[in-house]
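# A look at the structure
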Amino acid sequence: MLDFPSTLKEVLDTFKLCLSENKEVYLEHYVAGWRGLVKFLNCLGSVFGFISKDAVNKIKILVTHMEGENGSQYVTVQSMVKYELDNELVDLTKRGIHPESGCRTLLRLHRALRWLELFLERLRTSNEDGKTSVMCSESYNESLAQHHPWMVRKAAGMAFCVLPGRPAFFEVMNVGPPEQVVAMLGEALPLISDVYQITEEFYAQHNMLDLP
Ligand SMILES: CCCCCCCC/C=C\CCCCCCCC(=O)N[C@@H](COP(=O)(O)O)[C@H](O)/C=C/CCCCCCCCCCCCC
(Lines give C-alpha, C1' and ligand atoms only; values in the text may rest on other atoms or scores of the structure.)
Protein backbone atom coordinates (compact mmCIF):
# COMPACT_ATOMS: atom_id res chain seq x y z
CA MET A 1 0.00 0.00 0.00
CA LEU A 2 1.20 3.55 -0.76
CA ASP A 3 2.08 5.71 2.21
CA PHE A 4 1.08 9.35 2.48
CA PRO A 5 2.39 11.93 1.74
CA SER A 6 3.21 10.90 -1.80
CA THR A 7 3.20 12.75 -5.05
CA LEU A 8 0.61 12.20 -7.70
CA LYS A 9 3.47 10.90 -9.86
CA GLU A 10 4.05 8.01 -7.44
CA VAL A 11 0.36 7.18 -7.52
CA LEU A 12 0.12 7.30 -11.28
CA ASP A 13 3.31 5.23 -11.57
CA THR A 14 1.36 2.45 -9.85
CA PHE A 15 -0.65 2.07 -13.04
CA LYS A 16 2.64 1.34 -14.85
CA LEU A 17 2.96 -1.77 -12.69
CA CYS A 18 -0.55 -2.88 -13.57
CA LEU A 19 0.29 -4.51 -16.89
CA SER A 20 1.93 -7.90 -17.08
CA GLU A 21 4.12 -8.90 -20.04
CA ASN A 22 1.17 -10.56 -21.70
CA LYS A 23 -1.03 -7.52 -21.06
CA GLU A 24 -3.00 -8.79 -18.12
CA VAL A 25 -4.03 -6.23 -15.49
CA TYR A 26 -2.73 -6.92 -11.97
CA LEU A 27 -5.44 -6.27 -9.40
CA GLU A 28 -2.96 -5.57 -6.62
CA HIS A 29 -1.50 -2.55 -8.43
CA TYR A 30 -4.87 -1.45 -9.78
CA VAL A 31 -6.24 -1.30 -6.25
CA ALA A 32 -3.08 0.41 -4.96
CA GLY A 33 -3.50 3.07 -7.67
CA TRP A 34 -7.06 3.76 -6.58
CA ARG A 35 -6.08 3.87 -2.92
CA GLY A 36 -3.51 6.53 -3.72
CA LEU A 37 -6.00 8.51 -5.79
CA VAL A 38 -8.55 8.47 -2.99
CA LYS A 39 -5.98 10.05 -0.67
CA PHE A 40 -5.66 12.94 -3.11
CA LEU A 41 -9.40 13.20 -3.35
CA ASN A 42 -9.60 13.44 0.45
CA CYS A 43 -7.16 16.38 0.34
CA LEU A 44 -9.62 18.31 -1.80
CA GLY A 45 -12.19 18.62 0.97
CA SER A 46 -15.00 16.89 2.80
CA VAL A 47 -17.46 17.76 0.04
CA PHE A 48 -15.94 14.85 -1.87
CA GLY A 49 -16.57 12.52 1.08
CA PHE A 50 -19.46 10.68 -0.55
CA ILE A 51 -17.37 9.98 -3.64
CA SER A 52 -14.38 8.88 -1.59
CA LYS A 53 -16.60 6.62 0.53
CA ASP A 54 -17.98 4.85 -2.51
CA ALA A 55 -14.51 4.36 -3.99
CA VAL A 56 -13.19 3.04 -0.66
CA ASN A 57 -16.11 0.60 -0.40
CA LYS A 58 -15.36 -0.74 -3.84
CA ILE A 59 -11.66 -1.05 -3.09
CA LYS A 60 -12.53 -2.97 0.10
CA ILE A 61 -14.75 -5.39 -1.80
CA LEU A 62 -11.94 -6.17 -4.22
CA VAL A 63 -9.40 -6.55 -1.42
CA THR A 64 -11.73 -8.94 0.39
CA HIS A 65 -11.80 -11.12 -2.73
CA MET A 66 -8.04 -10.85 -3.19
CA GLU A 67 -7.37 -11.84 0.41
CA GLY A 68 -10.10 -14.46 0.61
CA GLU A 69 -9.84 -18.21 0.29
CA ASN A 70 -10.01 -17.95 -3.49
CA GLY A 71 -7.50 -15.12 -3.59
CA SER A 72 -5.30 -16.96 -6.08
CA GLN A 73 -8.08 -16.45 -8.66
CA TYR A 74 -7.97 -12.70 -8.09
CA VAL A 75 -4.46 -11.93 -9.30
CA THR A 76 -5.39 -10.27 -12.57
CA VAL A 77 -8.59 -8.83 -14.00
CA GLN A 78 -8.51 -11.61 -16.57
CA SER A 79 -8.19 -14.41 -14.01
CA MET A 80 -10.93 -12.85 -11.86
CA VAL A 81 -13.35 -12.60 -14.78
CA LYS A 82 -12.69 -16.17 -15.84
CA TYR A 83 -13.09 -17.51 -12.31
CA GLU A 84 -16.28 -15.62 -11.52
CA LEU A 85 -17.90 -16.44 -14.86
CA ASP A 86 -16.92 -20.12 -14.75
CA ASN A 87 -18.38 -20.38 -11.26
CA GLU A 88 -21.49 -18.29 -11.93
CA LEU A 89 -20.50 -15.70 -9.37
CA VAL A 90 -21.63 -12.68 -11.39
CA ASP A 91 -25.12 -11.21 -11.81
CA LEU A 92 -25.14 -10.71 -15.56
CA THR A 93 -28.51 -9.16 -16.38
CA LYS A 94 -30.15 -8.02 -13.18
CA ARG A 95 -29.13 -7.53 -9.59
CA GLY A 96 -29.31 -10.84 -7.80
CA ILE A 97 -27.36 -12.88 -5.31
CA HIS A 98 -23.91 -11.53 -6.22
CA PRO A 99 -24.11 -7.77 -5.59
CA GLU A 100 -20.45 -7.71 -4.59
CA SER A 101 -18.88 -9.70 -7.37
CA GLY A 102 -15.36 -8.66 -8.28
CA CYS A 103 -16.47 -8.16 -11.89
CA ARG A 104 -19.25 -5.63 -11.23
CA THR A 105 -17.21 -3.84 -8.57
CA LEU A 106 -14.19 -3.47 -10.82
CA LEU A 107 -16.42 -2.27 -13.66
CA ARG A 108 -17.43 0.76 -11.54
CA LEU A 109 -13.79 1.68 -10.92
CA HIS A 110 -12.98 0.97 -14.55
CA ARG A 111 -15.58 3.53 -15.66
CA ALA A 112 -14.09 5.98 -13.17
CA LEU A 113 -10.65 5.35 -14.71
CA ARG A 114 -12.00 6.70 -18.00
CA TRP A 115 -13.15 9.81 -16.14
CA LEU A 116 -9.64 10.13 -14.69
CA GLU A 117 -8.04 9.77 -18.10
CA LEU A 118 -10.27 12.44 -19.64
CA PHE A 119 -9.84 14.78 -16.69
CA LEU A 120 -6.04 14.51 -16.52
CA GLU A 121 -5.78 15.02 -20.27
CA ARG A 122 -7.80 18.23 -19.98
CA LEU A 123 -5.63 19.32 -17.07
CA ARG A 124 -2.47 18.58 -19.07
CA THR A 125 -3.55 20.61 -22.08
CA SER A 126 -5.22 23.48 -20.18
CA ASN A 127 -3.74 26.92 -19.65
CA GLU A 128 -3.10 28.68 -16.36
CA ASP A 129 -6.64 30.07 -16.20
CA GLY A 130 -8.28 26.72 -16.94
CA LYS A 131 -11.19 25.92 -14.63
CA THR A 132 -10.77 22.50 -13.05
CA SER A 133 -14.50 22.42 -12.21
CA VAL A 134 -15.33 22.66 -15.92
CA MET A 135 -12.67 20.10 -16.87
CA CYS A 136 -13.98 17.77 -14.22
CA SER A 137 -17.63 18.10 -15.12
CA GLU A 138 -16.99 17.75 -18.89
CA SER A 139 -14.96 14.59 -18.24
CA TYR A 140 -17.66 13.28 -15.92
CA ASN A 141 -20.43 13.94 -18.44
CA GLU A 142 -18.48 12.07 -21.13
CA SER A 143 -17.93 9.02 -18.95
CA LEU A 144 -19.32 8.15 -15.52
CA ALA A 145 -22.41 10.35 -15.66
CA GLN A 146 -23.97 8.06 -18.26
CA HIS A 147 -24.09 5.34 -15.60
CA HIS A 148 -25.34 7.46 -12.69
CA PRO A 149 -28.90 8.37 -11.71
CA TRP A 150 -30.02 12.00 -11.54
CA MET A 151 -29.40 12.39 -7.79
CA VAL A 152 -25.78 11.24 -8.03
CA ARG A 153 -25.14 13.43 -11.08
CA LYS A 154 -26.58 16.42 -9.24
CA ALA A 155 -24.49 15.81 -6.10
CA ALA A 156 -21.34 15.27 -8.17
CA GLY A 157 -22.00 18.46 -10.14
CA MET A 158 -22.32 20.46 -6.92
CA ALA A 159 -19.09 19.01 -5.52
CA PHE A 160 -17.17 19.89 -8.70
CA CYS A 161 -18.07 23.56 -8.20
CA VAL A 162 -15.78 23.81 -5.18
CA LEU A 163 -12.70 22.43 -6.91
CA PRO A 164 -9.75 24.82 -6.56
CA GLY A 165 -8.19 26.60 -9.53
CA ARG A 166 -5.50 24.96 -11.65
CA PRO A 167 -2.50 26.40 -9.68
CA ALA A 168 -3.85 25.20 -6.31
CA PHE A 169 -4.70 21.87 -7.87
CA PHE A 170 -1.16 21.44 -9.19
CA GLU A 171 0.15 22.22 -5.72
CA VAL A 172 -1.90 19.43 -4.14
CA MET A 173 -0.40 17.06 -6.69
CA ASN A 174 2.97 17.74 -5.09
CA VAL A 175 4.93 17.11 -8.27
CA GLY A 176 6.78 20.41 -8.77
CA PRO A 177 6.35 23.43 -11.07
CA PRO A 178 3.54 23.38 -13.66
CA GLU A 179 5.88 22.34 -16.51
CA GLN A 180 6.89 19.30 -14.49
CA VAL A 181 3.25 18.42 -13.77
CA VAL A 182 2.42 18.67 -17.47
CA ALA A 183 5.41 16.47 -18.39
CA MET A 184 4.49 13.92 -15.72
CA LEU A 185 0.91 13.77 -16.96
CA GLY A 186 2.18 13.31 -20.51
CA GLU A 187 4.09 10.22 -19.39
CA ALA A 188 1.39 8.80 -17.12
CA LEU A 189 -1.61 9.18 -19.40
CA PRO A 190 -0.64 6.58 -22.03
CA LEU A 191 -0.23 4.02 -19.24
CA ILE A 192 -3.62 4.77 -17.75
CA SER A 193 -5.08 4.63 -21.23
CA ASP A 194 -3.49 1.18 -21.85
CA VAL A 195 -4.90 -0.21 -18.62
CA TYR A 196 -8.31 1.22 -19.47
CA GLN A 197 -8.34 -0.08 -23.06
CA ILE A 198 -7.18 -3.58 -22.16
CA THR A 199 -9.83 -3.87 -19.43
CA GLU A 200 -12.49 -2.40 -21.70
CA GLU A 201 -11.73 -4.86 -24.51
CA PHE A 202 -11.68 -7.81 -22.13
CA TYR A 203 -15.01 -6.84 -20.58
CA ALA A 204 -16.48 -6.26 -24.05
CA GLN A 205 -15.34 -9.71 -25.22
CA HIS A 206 -17.26 -11.19 -22.30
CA ASN A 207 -20.32 -8.92 -22.74
CA MET A 208 -19.79 -7.47 -19.31
CA LEU A 209 -19.79 -3.73 -19.93
CA ASP A 210 -23.32 -3.33 -18.54
CA LEU A 211 -23.21 -5.46 -15.41
CA PRO A 212 -26.07 -4.40 -13.09
C1 LIG B 1 -4.70 16.53 -7.16
C2 LIG B 1 -5.68 15.50 -7.51
C3 LIG B 1 -5.47 14.81 -8.80
C4 LIG B 1 -6.58 13.96 -9.24
C5 LIG B 1 -7.19 13.23 -8.13
C6 LIG B 1 -8.33 12.43 -8.59
C7 LIG B 1 -8.80 11.65 -7.48
C8 LIG B 1 -9.92 10.76 -7.88
C9 LIG B 1 -10.16 9.76 -6.87
C10 LIG B 1 -11.23 9.03 -6.86
C11 LIG B 1 -12.26 9.15 -7.90
C12 LIG B 1 -13.53 8.60 -7.45
C13 LIG B 1 -13.92 7.32 -8.06
C14 LIG B 1 -15.38 7.18 -7.91
C15 LIG B 1 -15.83 5.81 -8.23
C16 LIG B 1 -17.28 5.83 -8.53
C17 LIG B 1 -17.80 4.48 -8.83
C18 LIG B 1 -19.28 4.60 -9.17
O19 LIG B 1 -19.61 4.93 -10.28
N20 LIG B 1 -20.15 4.37 -8.18
C21 LIG B 1 -21.57 4.57 -8.36
C22 LIG B 1 -22.24 3.30 -8.77
O23 LIG B 1 -22.00 2.31 -7.82
P24 LIG B 1 -23.09 1.17 -7.53
O25 LIG B 1 -24.25 1.86 -6.87
O26 LIG B 1 -23.47 0.60 -8.85
O27 LIG B 1 -22.41 0.21 -6.61
C28 LIG B 1 -22.14 5.15 -7.09
O29 LIG B 1 -23.52 5.33 -7.18
C30 LIG B 1 -21.43 6.45 -6.90
C31 LIG B 1 -21.53 7.23 -5.93
C32 LIG B 1 -20.64 8.43 -5.73
C33 LIG B 1 -20.58 9.44 -6.84
C34 LIG B 1 -19.47 9.23 -7.81
C35 LIG B 1 -19.18 10.46 -8.62
C36 LIG B 1 -17.85 10.30 -9.29
C37 LIG B 1 -17.33 11.58 -9.81
C38 LIG B 1 -15.95 11.46 -10.40
C39 LIG B 1 -14.85 11.78 -9.47
C40 LIG B 1 -14.72 13.21 -9.15
C41 LIG B 1 -13.53 13.55 -8.33
C42 LIG B 1 -13.21 14.98 -8.46
C43 LIG B 1 -11.86 15.33 -7.98
C44 LIG B 1 -10.97 15.98 -8.94
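Residues numbered from 1 in each chain as written. Predicted model: local features only at pLDDT ≥ 70, side-chain atom pairs only at ≥ 80, totals over all residues. Heavy atoms only, no water.

Labelled according to an unreviewed UniProt entry, the protein appears under the name Ceramide-1-phosphate transfer protein, originating from Sparus aurata. Listed under Sequence similarities (unreviewed entry) in UniProt, the entry text for the protein is "Belongs to the GLTP family." (UniProt positions renumbered as here; feature names shortened; annotations may be inferred.)

## Some details on the nonpolar core
Of all hydrophobic cores here, the largest spans 63 residues; its most connected members are Leu12, Leu120 and Tyr203. Those residues in contact with Leu12 that sit more than four places away from it in its chain are Leu37, Leu120, Met184, Leu185, Ala188 and Ile192. (Core = buried A, V, L, I, M, F, W, Y, C linked by side-chain atoms within 4.5 Å. Buried < 20%, exposed > 50% of the residue type's maximum accessible area, 1.4 Å probe, protein only. Contact = heavy atoms within 4.5 Å.)

## Structural notes on the side chain of Lys58
Mapping Lys58 onto the fold places it in helix H3 (residues 49-67). If near-sequence neighbours (up to four positions away) are discounted, Lys58 is found in contact with Thr105, Arg108 and Leu109. (Helix = DSSP H or I, 4+ residues; strand = E, 2+ residues; numbered from the N terminus.)

## Here's the deal with the packing of helix H8 (residues 166-173) against helix H9 (residues 178-205)
Relative orientation of the contacting elements H8 and H9 amounts to 70 degrees, with a least axis distance of 10 Å. With respect to H9, the element H8 is oriented roughly perpendicular. In terms of crossing hand, the pair formed by H8 and H9 is left-handed. Residue-level inspection shows Arg166, Phe170 and Met173 of H8 in contact with H9, the latter providing Pro178, Val181 and Val182. Split into classes, the residues belonging to the contact of H8 with H9 amount to five nonpolar, no polar and one charged. (Axes fitted to C-alpha atoms, helices over the stretch in contact; angles between N-to-C directions. Parallel < 35°, antiparallel > 145°, perpendicular 65-115°, else oblique. Left-handed = near helix turned anticlockwise from the far one by under 90°. Nonpolar A, V, L, I, M, F, W, Y, C, P; charged D, E, K, R; others polar.)

## Some points on the site of the ligand
Near the ligand, the surroundings consist of 25 residues, among which Asp54, Lys58, Arg104, Arg108 and His148 are the closest. Note that an oxygen atom of the ligand is positioned 2.9 Å from one of the side-chain N or O atoms of Arg104. Between the ligand and Arg108 there is a distance of 3.0 Å, counted from an oxygen atom to a side-chain nitrogen or oxygen. Contact with the protein chains removes 91% of the 980 Å² of surface that the ligand exposes when unbound. Elements supplying a minimum of two residues to the shell around the ligand: helix H2 (27-43), H3, helix H5 (102-125), helix H6 (132-142), helix H7 (150-160) and H8. A class-by-class count of the residues in the shell around the ligand yields 19 nonpolar, one polar and five charged. (Near = heavy atom within 4 Å. Polar contact = N/O pair within 3.5 Å; in protein donor to acceptor, adjacent residues only side chain to side chain. Areas by Shrake-Rupley, 256 points an atom, 1.4 Å probe, with all protein chains shown as cover.)

## With respect to unusual backbone geometry
Look at Asn174: it is not a glycine, yet its phi comes out positive at around 60 degrees. If you trace the backbone, Asn174 turns up in the loop between H8 and H9. A relative accessible area of 42% means that Asn174 is categorised as partly exposed. Not every positive phi belongs to a glycine, and Asn207 is a case in point at roughly 50 degrees. Looking at the element boundaries, Asn207 is found in the segment after H9. Owing to a relative accessible area of 67%, Asn207 belongs among the exposed residues under this scheme.

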